[in-house]
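Now for the letters of each chain:
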Amino acid sequence: MKKQIFYILLFISTISFAQKPMVKAEIDTTNIRIGEQFQLKISVDETQNVILPKIKLQGLEIIDSTKVDTIKNSLIRKYILTGFDSGSFYIPQQQIFVKNQAFLTDSLLVNVATVAIDTTKVKKFPIKSIKKEPYTFDDFKIYVYIALAALAIIGFWIYWFVIRKRKEEEEIQTYRTLPPYEEAIFRLNELDEKLLWQNNKVKEYYSELTEIVRGYIERELKVPALENTTDEVLEMLKNFKDAETIQTSQVTLDKLKSLLREADLVKFAKSKPLSMEIEEDRKDAQDIVSNLKPKPIIEENDELE
(Lines give C-alpha, C1' and ligand atoms only; values in the text may rest on other atoms or scores of the structure.)
Protein backbone atom coordinates (compact mmCIF):
# COMPACT_ATOMS: atom_id res chain seq x y z
CA MET A 1 0.00 0.00 0.00
CA LYS A 2 2.76 2.42 0.87
CA LYS A 3 4.47 1.59 -2.38
CA GLN A 4 1.35 2.49 -4.39
CA ILE A 5 1.00 5.86 -2.61
CA PHE A 6 4.64 6.61 -3.36
CA TYR A 7 4.14 5.99 -7.09
CA ILE A 8 1.00 8.18 -7.16
CA LEU A 9 2.84 11.10 -5.52
CA LEU A 10 5.77 10.65 -7.89
CA PHE A 11 3.41 10.75 -10.86
CA ILE A 12 1.70 13.94 -9.66
CA SER A 13 5.02 15.71 -9.03
CA THR A 14 6.27 14.67 -12.47
CA ILE A 15 3.16 16.13 -14.09
CA SER A 16 3.51 19.40 -12.14
CA PHE A 17 7.16 19.79 -13.11
CA ALA A 18 6.33 19.04 -16.74
CA GLN A 19 3.74 21.83 -16.91
CA LYS A 20 4.61 24.78 -19.09
CA PRO A 21 5.37 27.98 -17.09
CA MET A 22 2.88 30.86 -17.41
CA VAL A 23 5.54 33.50 -18.26
CA LYS A 24 8.97 33.06 -19.77
CA ALA A 25 11.94 35.30 -20.71
CA GLU A 26 14.59 34.19 -23.23
CA ILE A 27 17.65 35.73 -24.89
CA ASP A 28 19.30 34.49 -28.08
CA THR A 29 22.81 34.86 -26.64
CA THR A 30 24.50 35.39 -23.32
CA ASN A 31 27.75 36.89 -24.66
CA ILE A 32 28.03 40.04 -26.82
CA ARG A 33 30.64 42.64 -27.64
CA ILE A 34 30.21 46.33 -26.85
CA GLY A 35 27.56 47.80 -29.13
CA GLU A 36 26.44 44.40 -30.45
CA GLN A 37 22.70 43.77 -30.40
CA PHE A 38 20.81 40.74 -29.07
CA GLN A 39 17.18 39.76 -28.67
CA LEU A 40 15.05 39.36 -25.53
CA LYS A 41 11.74 37.52 -25.95
CA ILE A 42 8.99 37.49 -23.31
CA SER A 43 6.23 34.88 -23.69
CA VAL A 44 2.93 34.65 -21.78
CA ASP A 45 0.83 31.49 -21.94
CA GLU A 46 -2.39 33.50 -22.00
CA THR A 47 -4.05 36.10 -24.28
CA GLN A 48 -6.73 37.63 -22.05
CA ASN A 49 -6.24 40.21 -19.25
CA VAL A 50 -2.45 40.34 -19.63
CA ILE A 51 -0.41 43.38 -18.54
CA LEU A 52 3.18 43.58 -19.77
CA PRO A 53 5.35 45.96 -17.73
CA LYS A 54 7.90 48.45 -18.96
CA ILE A 55 11.27 46.68 -19.08
CA LYS A 56 13.69 47.82 -16.37
CA LEU A 57 17.40 47.36 -17.12
CA GLN A 58 20.73 48.25 -15.56
CA GLY A 59 23.82 48.54 -17.78
CA LEU A 60 21.86 47.55 -20.90
CA GLU A 61 19.73 49.63 -23.26
CA ILE A 62 16.64 48.94 -25.35
CA ILE A 63 17.20 49.75 -29.03
CA ASP A 64 13.81 48.72 -30.39
CA SER A 65 10.78 46.55 -29.61
CA THR A 66 8.00 44.84 -31.53
CA LYS A 67 4.29 44.98 -30.99
CA VAL A 68 2.65 42.27 -28.90
CA ASP A 69 1.98 39.25 -31.12
CA THR A 70 -0.44 36.35 -30.54
CA ILE A 71 0.80 32.89 -31.49
CA LYS A 72 -0.99 29.67 -30.45
CA ASN A 73 -2.90 31.22 -27.57
CA SER A 74 0.25 32.92 -26.28
CA LEU A 75 1.40 36.53 -26.20
CA ILE A 76 4.95 37.26 -27.40
CA ARG A 77 6.89 40.48 -27.40
CA LYS A 78 10.48 40.92 -28.55
CA TYR A 79 13.05 43.55 -27.59
CA ILE A 80 16.36 44.46 -29.23
CA LEU A 81 18.98 45.20 -26.54
CA THR A 82 22.62 46.23 -26.48
CA GLY A 83 25.31 47.29 -24.03
CA PHE A 84 27.95 50.02 -24.26
CA ASP A 85 29.90 49.18 -21.10
CA SER A 86 31.92 45.99 -20.59
CA GLY A 87 30.95 43.66 -17.76
CA SER A 88 28.27 41.22 -16.68
CA PHE A 89 24.75 42.53 -16.41
CA TYR A 90 21.53 40.91 -15.24
CA ILE A 91 18.18 41.34 -16.92
CA PRO A 92 16.16 41.32 -13.71
CA GLN A 93 12.93 39.42 -13.16
CA GLN A 94 9.99 41.13 -14.86
CA GLN A 95 6.61 41.13 -13.14
CA ILE A 96 3.71 40.29 -15.47
CA PHE A 97 0.06 40.35 -14.45
CA VAL A 98 -2.26 37.68 -15.87
CA LYS A 99 -5.89 38.00 -14.81
CA ASN A 100 -4.85 40.18 -11.87
CA GLN A 101 -2.30 37.60 -10.69
CA ALA A 102 1.43 38.44 -10.68
CA PHE A 103 4.00 36.18 -12.31
CA LEU A 104 7.79 36.62 -12.44
CA THR A 105 10.14 35.76 -15.28
CA ASP A 106 13.60 34.34 -14.67
CA SER A 107 16.56 36.71 -14.39
CA LEU A 108 19.07 36.42 -17.21
CA LEU A 109 22.82 37.08 -17.24
CA VAL A 110 24.48 38.83 -20.21
CA ASN A 111 28.25 39.28 -20.59
CA VAL A 112 29.43 42.35 -22.52
CA ALA A 113 33.05 42.08 -23.71
CA THR A 114 35.35 44.75 -25.11
CA VAL A 115 36.73 44.55 -28.62
CA ALA A 116 40.47 43.91 -28.70
CA ILE A 117 42.35 46.45 -30.82
CA ASP A 118 45.82 45.87 -32.25
CA THR A 119 47.36 49.33 -31.98
CA THR A 120 50.26 48.29 -34.18
CA LYS A 121 47.96 47.93 -37.18
CA VAL A 122 45.95 51.09 -36.63
CA LYS A 123 46.83 53.88 -39.06
CA LYS A 124 47.72 57.10 -37.29
CA PHE A 125 46.41 60.46 -38.44
CA PRO A 126 47.58 63.93 -37.46
CA ILE A 127 45.51 65.81 -34.93
CA LYS A 128 43.05 68.05 -36.73
CA SER A 129 42.63 71.66 -35.75
CA ILE A 130 39.42 72.79 -34.12
CA LYS A 131 36.83 73.77 -36.72
CA LYS A 132 34.86 76.93 -36.21
CA GLU A 133 31.11 76.61 -36.17
CA PRO A 134 29.26 78.30 -39.05
CA TYR A 135 27.75 81.67 -38.28
CA THR A 136 24.05 81.79 -37.42
CA PHE A 137 21.54 84.58 -36.94
CA ASP A 138 22.02 84.40 -33.16
CA ASP A 139 25.63 85.52 -33.65
CA PHE A 140 24.50 88.81 -35.22
CA LYS A 141 21.03 89.42 -33.77
CA ILE A 142 22.29 91.89 -31.15
CA TYR A 143 23.86 94.00 -33.92
CA VAL A 144 20.66 93.74 -36.00
CA TYR A 145 18.57 94.94 -33.04
CA ILE A 146 20.96 97.83 -32.41
CA ALA A 147 20.83 98.83 -36.09
CA LEU A 148 17.01 98.70 -36.13
CA ALA A 149 16.83 100.77 -32.94
CA ALA A 150 19.24 103.32 -34.41
CA LEU A 151 17.20 103.54 -37.63
CA ALA A 152 14.01 103.99 -35.60
CA ILE A 153 15.59 106.82 -33.59
CA ILE A 154 16.91 108.50 -36.75
CA GLY A 155 13.51 108.12 -38.45
CA PHE A 156 11.73 109.59 -35.45
CA TRP A 157 14.22 112.47 -35.30
CA ILE A 158 13.74 113.24 -39.01
CA TYR A 159 9.95 113.15 -38.66
CA TRP A 160 9.80 115.22 -35.46
CA PHE A 161 12.34 117.91 -36.29
CA VAL A 162 12.09 118.10 -40.09
CA ILE A 163 8.85 116.77 -41.59
CA ARG A 164 6.56 117.71 -38.69
CA LYS A 165 8.12 121.16 -38.36
CA ARG A 166 7.77 121.72 -42.08
CA LYS A 167 4.10 120.72 -41.95
CA GLU A 168 3.47 123.08 -39.05
CA GLU A 169 5.15 125.92 -40.91
CA GLU A 170 3.06 125.19 -44.00
CA GLU A 171 -0.16 125.11 -41.96
CA ILE A 172 0.71 128.37 -40.20
CA GLN A 173 1.62 130.03 -43.48
CA THR A 174 -1.77 129.01 -44.94
CA TYR A 175 -3.41 131.75 -42.90
CA ARG A 176 -0.61 134.26 -42.72
CA THR A 177 -0.07 134.45 -46.45
CA LEU A 178 -3.77 135.29 -47.05
CA PRO A 179 -5.06 138.84 -46.73
CA PRO A 180 -7.09 139.47 -43.55
CA TYR A 181 -10.48 139.38 -45.30
CA GLU A 182 -9.74 136.18 -47.27
CA GLU A 183 -8.35 134.48 -44.20
CA ALA A 184 -11.45 135.36 -42.16
CA ILE A 185 -13.84 134.05 -44.86
CA PHE A 186 -11.75 130.89 -45.22
CA ARG A 187 -11.84 130.22 -41.48
CA LEU A 188 -15.59 130.92 -41.29
CA ASN A 189 -16.20 128.29 -43.96
CA GLU A 190 -13.99 125.85 -42.07
CA LEU A 191 -16.02 126.55 -38.93
CA ASP A 192 -19.23 125.70 -40.79
CA GLU A 193 -17.80 122.32 -41.82
CA LYS A 194 -17.00 121.38 -38.22
CA LEU A 195 -20.74 121.38 -37.29
CA LEU A 196 -19.94 122.36 -33.70
CA TRP A 197 -23.22 123.86 -32.57
CA GLN A 198 -25.15 121.15 -34.42
CA ASN A 199 -23.36 118.65 -32.09
CA ASN A 200 -24.18 120.59 -28.90
CA LYS A 201 -20.77 122.30 -28.79
CA VAL A 202 -22.22 125.83 -28.70
CA LYS A 203 -19.53 127.25 -26.40
CA GLU A 204 -16.72 126.03 -28.66
CA TYR A 205 -18.58 127.40 -31.68
CA TYR A 206 -18.91 130.94 -30.28
CA SER A 207 -15.33 130.94 -28.99
CA GLU A 208 -13.99 130.18 -32.47
CA LEU A 209 -16.50 132.51 -34.20
CA THR A 210 -15.51 135.53 -32.11
CA GLU A 211 -11.84 134.61 -32.40
CA ILE A 212 -12.12 134.79 -36.20
CA VAL A 213 -13.82 138.20 -36.03
CA ARG A 214 -11.34 139.55 -33.45
CA GLY A 215 -8.42 138.18 -35.49
CA TYR A 216 -9.71 139.95 -38.57
CA ILE A 217 -10.02 143.25 -36.68
CA GLU A 218 -6.52 142.84 -35.22
CA ARG A 219 -4.90 142.18 -38.60
CA GLU A 220 -6.96 144.64 -40.64
CA LEU A 221 -6.86 147.56 -38.18
CA LYS A 222 -3.54 146.58 -36.52
CA VAL A 223 -4.94 146.71 -32.97
CA PRO A 224 -4.79 144.10 -30.13
CA ALA A 225 -8.38 142.91 -30.53
CA LEU A 226 -7.64 139.35 -29.39
CA GLU A 227 -6.24 140.45 -26.04
CA ASN A 228 -8.75 143.18 -25.15
CA THR A 229 -12.15 142.68 -23.53
CA THR A 230 -15.41 143.16 -25.38
CA ASP A 231 -15.93 146.66 -23.95
CA GLU A 232 -12.38 147.69 -24.82
CA VAL A 233 -12.77 146.53 -28.43
CA LEU A 234 -16.12 148.31 -28.84
CA GLU A 235 -14.77 151.50 -27.25
CA MET A 236 -11.71 151.42 -29.49
CA LEU A 237 -13.81 151.01 -32.67
CA LYS A 238 -16.17 153.81 -31.55
CA ASN A 239 -13.18 156.12 -31.23
CA PHE A 240 -11.92 155.06 -34.68
CA LYS A 241 -15.33 155.84 -36.19
CA ASP A 242 -15.52 159.20 -34.49
CA ALA A 243 -12.06 159.99 -35.79
CA GLU A 244 -13.13 158.75 -39.22
CA THR A 245 -10.15 156.38 -39.49
CA ILE A 246 -12.32 153.37 -40.42
CA GLN A 247 -14.95 152.80 -43.05
CA THR A 248 -18.02 151.21 -41.46
CA SER A 249 -21.58 151.93 -40.44
CA GLN A 250 -23.26 152.12 -37.06
CA VAL A 251 -25.28 149.05 -38.04
CA THR A 252 -22.05 147.05 -38.43
CA LEU A 253 -20.80 148.19 -35.04
CA ASP A 254 -24.13 147.28 -33.46
CA LYS A 255 -23.90 143.80 -35.01
CA LEU A 256 -20.38 143.45 -33.61
CA LYS A 257 -21.56 144.55 -30.16
CA SER A 258 -24.47 142.09 -30.24
CA LEU A 259 -22.23 139.23 -31.42
CA LEU A 260 -19.55 139.80 -28.76
CA ARG A 261 -22.15 140.19 -25.99
CA GLU A 262 -23.91 136.99 -27.06
CA ALA A 263 -20.59 135.12 -27.11
CA ASP A 264 -19.76 136.32 -23.60
CA LEU A 265 -23.14 135.10 -22.33
CA VAL A 266 -22.60 131.69 -23.91
CA LYS A 267 -19.03 131.32 -22.60
CA PHE A 268 -19.47 132.75 -19.11
CA ALA A 269 -23.20 132.66 -18.29
CA LYS A 270 -23.96 129.31 -20.00
CA SER A 271 -26.56 130.88 -22.24
CA LYS A 272 -28.07 128.61 -24.91
CA PRO A 273 -29.22 130.56 -27.97
CA LEU A 274 -31.70 129.08 -30.43
CA SER A 275 -30.69 127.71 -33.81
CA MET A 276 -32.11 130.76 -35.59
CA GLU A 277 -30.09 133.08 -33.34
CA ILE A 278 -26.89 131.10 -33.97
CA GLU A 279 -27.38 131.23 -37.73
CA GLU A 280 -28.06 134.98 -37.50
CA ASP A 281 -24.86 135.52 -35.50
CA ARG A 282 -22.94 133.56 -38.16
CA LYS A 283 -24.35 135.83 -40.85
CA ASP A 284 -23.55 138.94 -38.78
CA ALA A 285 -19.94 137.78 -38.38
CA GLN A 286 -19.48 137.66 -42.15
CA ASP A 287 -21.17 141.06 -42.55
CA ILE A 288 -18.81 142.57 -39.95
CA VAL A 289 -15.75 141.18 -41.78
CA SER A 290 -17.08 142.49 -45.09
CA ASN A 291 -18.03 145.99 -43.87
CA LEU A 292 -15.35 146.90 -41.32
CA LYS A 293 -12.21 148.25 -43.03
CA PRO A 294 -9.63 150.94 -42.43
CA LYS A 295 -10.11 154.21 -44.27
CA PRO A 296 -7.69 154.42 -47.20
CA ILE A 297 -4.95 157.05 -46.91
CA ILE A 298 -5.15 159.68 -49.66
CA GLU A 299 -1.89 161.33 -50.53
CA GLU A 300 -1.71 165.07 -51.18
CA ASN A 301 -0.71 164.63 -54.83
CA ASP A 302 -3.88 162.67 -55.44
CA GLU A 303 -6.00 165.47 -53.87
CA LEU A 304 -4.36 168.09 -56.07
CA GLU A 305 -5.11 166.08 -59.14
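Since the model is a prediction, treat every value here as computed from it, not as a measurement.

A. Representation of the sheet that holds strand 9 (residues 95-98) in the model. What the three strands build is an open sheet, ordered 4-9-10; its pairing is antiparallel. In this open sheet, the two strands that pair with only one neighbour each are strand 4 (50-51) and strand 10 (101-104). Strand direction decides the pairing type here: strand 4 and strand 9, joined by two bridges, are antiparallel. Bridge pairing links V50 to V98 in strand 9.

B. A look at the sheet that holds strand 11 (residues 108-113). Pairing within the open sheet is mixed, and its three strands lie in the order 2-11-8. The sheet is open, and its two borders are formed by strand 2 (31-33) and strand 8 (87-91), each paired with just one other strand. Shown here is a sheet whose adjacent strand axes are inclined to one another by a mean of 30 degrees, direction ignored. In this sheet, strand 11 lies alongside strand 2 in parallel orientation, the contact comprising three bridges. Bridge pairing in strand 11 links I32 to V112.

C. Representation of the layout of surface pockets. There is about 210 Å³ of room inside the largest pocket. Lining the largest pocket are D231, L234, E235, L237, K238, K241, D242, Q250, L253, D254, K257 and R261. For the lining of the largest pocket, the elements supplying multiple residues, two or more each, are helix 5 (230-242) and helix 6 (250-268). When residues of the lining of the largest pocket are assigned to their parent elements, the largest contribution, seven residues, is made by helix 5. Looking at the lining of the largest pocket, its residues break down into three nonpolar, one polar and eight charged.

D. Seen up close, the environment of A263. The topology assignment puts A263 in helix 6. Sequence separation between A263 and P273 is ten residues; the distance between their C-alpha atoms is 9.8 Å. Residues contacting A263, with those up to four places away along its chain left out, are Y206 and T210.

E. Spotlight on the packing of helix 4 (residues 202-221) against helix 5. Interhelical geometry of helix 4 versus helix 5 gives an angle of 40 degrees and a closest axis separation of 13 Å. Accordingly, the angle class assigned to the pair helix 4 and helix 5 is oblique. As helix 4 runs across helix 5, the sense of the crossing is left-handed. Taking contact as the criterion, the partners of R214, I217 and L221 in helix 4 are, on helix 5, T230, V233, L237 and F240. Its residues placed into classes, the contact of helix 4 with helix 5 shows five nonpolar, one polar and one charged.

What counts as what
- Residues numbered from 1 in each chain as written.
- Predicted model: local features only at pLDDT ≥ 70, side-chain atom pairs only at ≥ 80, totals over all residues.
- Heavy atoms only, no water.
- Pairing = 2+ DSSP bridges.
- Helix = DSSP H or I, 4+ residues; strand = E, 2+ residues; numbered from the N terminus.
- Axes fitted to C-alpha atoms, helices over the stretch in contact; angles between N-to-C directions.
- 1 Å grid on protein atoms, 1.4 Å probe; cavity = no way out; pocket = protein on both sides within 12 Å on 5 of 7 lines; lining within 4 Å.
- Points joined across faces, edges and corners; volume = space filled by probe spheres on them.
- Nonpolar A, V, L, I, M, F, W, Y, C, P; charged D, E, K, R; others polar.
- Contact = heavy atoms within 4.5 Å.
- Parallel < 35°, antiparallel > 145°, perpendicular 65-115°, else oblique.
- Left-handed = near helix turned anticlockwise from the far one by under 90°.

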